Amino acid sequence: MEYRQLGHSGLRVSVLSLGTMTFGGKGKFAKVGNSDVAEARRHVDICLEAGVNFIDTADVYSAGGAETIVGEVLEHRRQDVLLATKARFPMEDGPNDRGLSRHHLIRACEASLRRLKTDYIDLYQLHEWDGLTPLEETLAALEHLVNAGKVRYVGLSNFSGWHIMKTLGVSERMASVRPVSQQIHYTLQAREAEYELLPIAQDQGLGVLIWSPLAGGLLSGKYRRDRKPEGTTRQLAQWNEPPVRDEEALYRIVDELVAIADDRGASAAQVAIAWLISSRLVSSVIIGARNEAQLRDNLQAADLVLGSAELQRLAQVSRPPLIYPYWHQAQTAADRLSPADLSLIAPYLRHP
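Below you will find a few notes about this structure. Nothing here was measured: the structure is a model prediction, and the numbers come from that model. (Residues numbered from 1 in each chain as written. Predicted model: local features only at pLDDT ≥ 70, side-chain atom pairs only at ≥ 80, totals over all residues. Heavy atoms only, no water.)

Some details on the overall build of the protein chain
Okay, so step 1: Secondary structure assignment for the protein chain yields 12 helices and 10 strands.
Okay, so step 2: Split into buried and exposed, the 352 residues of the protein chain put 53% on the buried side.
Okay, so step 3: Of the roughly 16000 Å² of accessible surface on the protein chain, a fraction of 49% belongs to carbon and sulfur atoms.
Okay, so step 4: Computed over 39 positive and 43 negative side-chain charges, the inter-centroid distance for the protein chain is 1 Å. (Helix = DSSP H or I, 4+ residues; strand = E, 2+ residues; numbered from the N terminus. Buried < 20%, exposed > 50% of the residue type's maximum accessible area, 1.4 Å probe, protein only. Areas by Shrake-Rupley, 256 points an atom, 1.4 Å probe, with all protein chains shown as cover. Lys, Arg positive; Asp, Glu negative; His and termini not counted. Charge placed at Lys NZ, Arg CZ, Asp CG, Glu CD.)

Shown next, in the form of structure tokens:
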């Protein structure tokens, strides 16, 4: 297992980490998975044996059920892992039981600590942007939690580019806690993060954690033009995480994944995850599984190193269009682009 630095922090995280959305199976999360304590413990055992040192959860997963299970499983080996959780979404029905206010964040953190049966959270992440709470208030609450020893590092999740830069700017102006990472959705099927989020990560020294690396199963190889998993009723046009705007483009990506996987004696899922790991901007890819077989398959992606020709094939079949202002920069500013700029624009430049 390879370990990478998490942004500008001193933490080193395994390139694969364990996601726990499948733990608990309550409410809408039952559609994702329903691992109980025994199965969750088995999944954690397998991951630790493979060298995984990072576990990600959130208070909202199964209405606290996932955190409770993680707390049970890690009770006597908390020191063996870096533990991350998130807050922002409602856990109760009150008007102040959501968002990134001081009121909600402190209460949410303390509730997570109780469920996780721990004194501290290694990485506490803002699960989503809150445009109504001043960032000064949010960052002051996080600073309080860090100073109290309840939180060690802070991260962001699902923020836009300007949200991230505003957060970093306000934290610098306040001399407050600075986020060390962003958790984002980024796959061969959804490469929008390359426009702003990945260049920001490179320029500002943020770690990058990837959620849903198989696009909700779309890149597992199970969804093909001529077939879909048995028992599946959801149509691709109704898929919303991530939305499928072009089914044919998706199938072209899956065809390439399957072709490379067949050549390498691997699974399409392993190839999709290995493509993410191939980017040095990615700190860790968060994998989750409904069962042990899926988990073991995903973990093998850590040992799959794709060649340059394979990476080029995947890049060509999935590359997004160069939107404004980037196409204009490619045409007129190519002589003065930074490494962060080039992380997006370089493949589109015409070379003599």
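So, the layout of surface pockets
Okay, so step 1: Here the second largest pocket is characterised by a volume of approximately 780 Å³.
Okay, so step 2: Considering the residues around the second largest pocket, the lining is formed by 32 residues, among which Q189, A190, R191, E192 and R245 are closest to the centre.
Okay, so step 3: When contributions to the lining of the second largest pocket are tallied by element, the ones reaching two or more residues are β8 (181-185), α7 (247-264) and α10 (308-318).
Okay, so step 4: When residues in the lining of the second largest pocket are grouped by element, the largest group, four residues, is from α7.
Okay, so step 5: For the lining of the second largest pocket, the class distribution of residues is 17 nonpolar, seven polar and eight charged. (1 Å grid on protein atoms, 1.4 Å probe; cavity = no way out; pocket = protein on both sides within 12 Å on 5 of 7 lines; lining within 4 Å. Points joined across faces, edges and corners; volume = space filled by probe spheres on them. Nonpolar A, V, L, I, M, F, W, Y, C, P; charged D, E, K, R; others polar.)

Considering the environment of Q202
Okay, so step 1: Of note, Q202 is situated in helix α6 (residues 197-204).
Okay, so step 2: Those residues in contact with Q202 that sit more than four places away from it in its chain are L281, P339, A340 and S343. (Contact = heavy atoms within 4.5 Å.)

A look at the packing of helix α2 (residues 65-74) against helix α3 (residues 102-116)
Okay, so step 1: Here α2 crosses α3 at 45°, and the two axes come no closer than 7 Å. Relative to α3, the element α2 lies oblique. Contact residues: E67, T68, V70 and G71 in α2; S112, R115 and L116 in α3.
Okay, so step 2: When the residues that make up the contact of α2 with α3 are grouped by side-chain class, the tally is two nonpolar, three polar and two charged. (Axes fitted to C-alpha atoms, helices over the stretch in contact; angles between N-to-C directions. Parallel < 35°, antiparallel > 145°, perpendicular 65-115°, else oblique.)

Overview of the sheet that holds strand β6 (residues 121-126)
Hydrogen bonding along the main chain pairs the strands of a sheet, whether they run parallel or antiparallel.
Okay, so step 1: Strand order in this closed barrel of eight strands is β3-β4-β5-β6-β7-β8-β9-β10, and the pairing throughout is parallel. Going across the sheet, the axis of each strand differs from the next one's by a mean of 30°, ignoring polarity.
Okay, so step 2: Where strand β3 (residues 16-19) lies against strand β10 (residues 284-287), three bridges are found, and the strand directions are parallel. When the bridges of β10 are listed, S17 appears paired with I286.
Okay, so step 3: In this fold α6 packs onto β8 and β9 (207-211), with an angle of close to 165° to the strand it touches most, β8. (Pairing = 2+ DSSP bridges.)

Section: the side chain of E67
Okay, so step 1: The residue E67 is located in helix α2 in this model.
Okay, so step 2: A distance of 3.5 Å separates the side chain of E67 from the backbone nitrogen of D59, its partner in a polar contact. (Polar contact = N/O pair within 3.5 Å; in protein donor to acceptor, adjacent residues only side chain to side chain.)

Some points on the environment of P134
Okay, so step 1: Along the chain, P134 falls in the loop between β6 and α4 (135-147).
Okay, so step 2: Residue classification places P134 among the partly exposed residues on the basis of a relative accessible area of 44%.

Looking at the packing of α4 against helix α5 (residues 161-174)
Okay, so step 1: Between α4 and α5, the least distance of the axes is 10 Å, while the angle of their chain directions is 65°. One finds that α4 runs roughly perpendicular with respect to α5. Along this stretch, α4 crosses α5, giving a crossing that reads as right-handed. In contact with L135, E136, L139 and A140 of α4, α5 contributes K166, T167, V170, S171, R173 and M174.
Okay, so step 2: Counted by class, the contact of α4 with α5 contains five nonpolar, two polar and three charged residues. (Left-handed = near helix turned anticlockwise from the far one by under 90°.)

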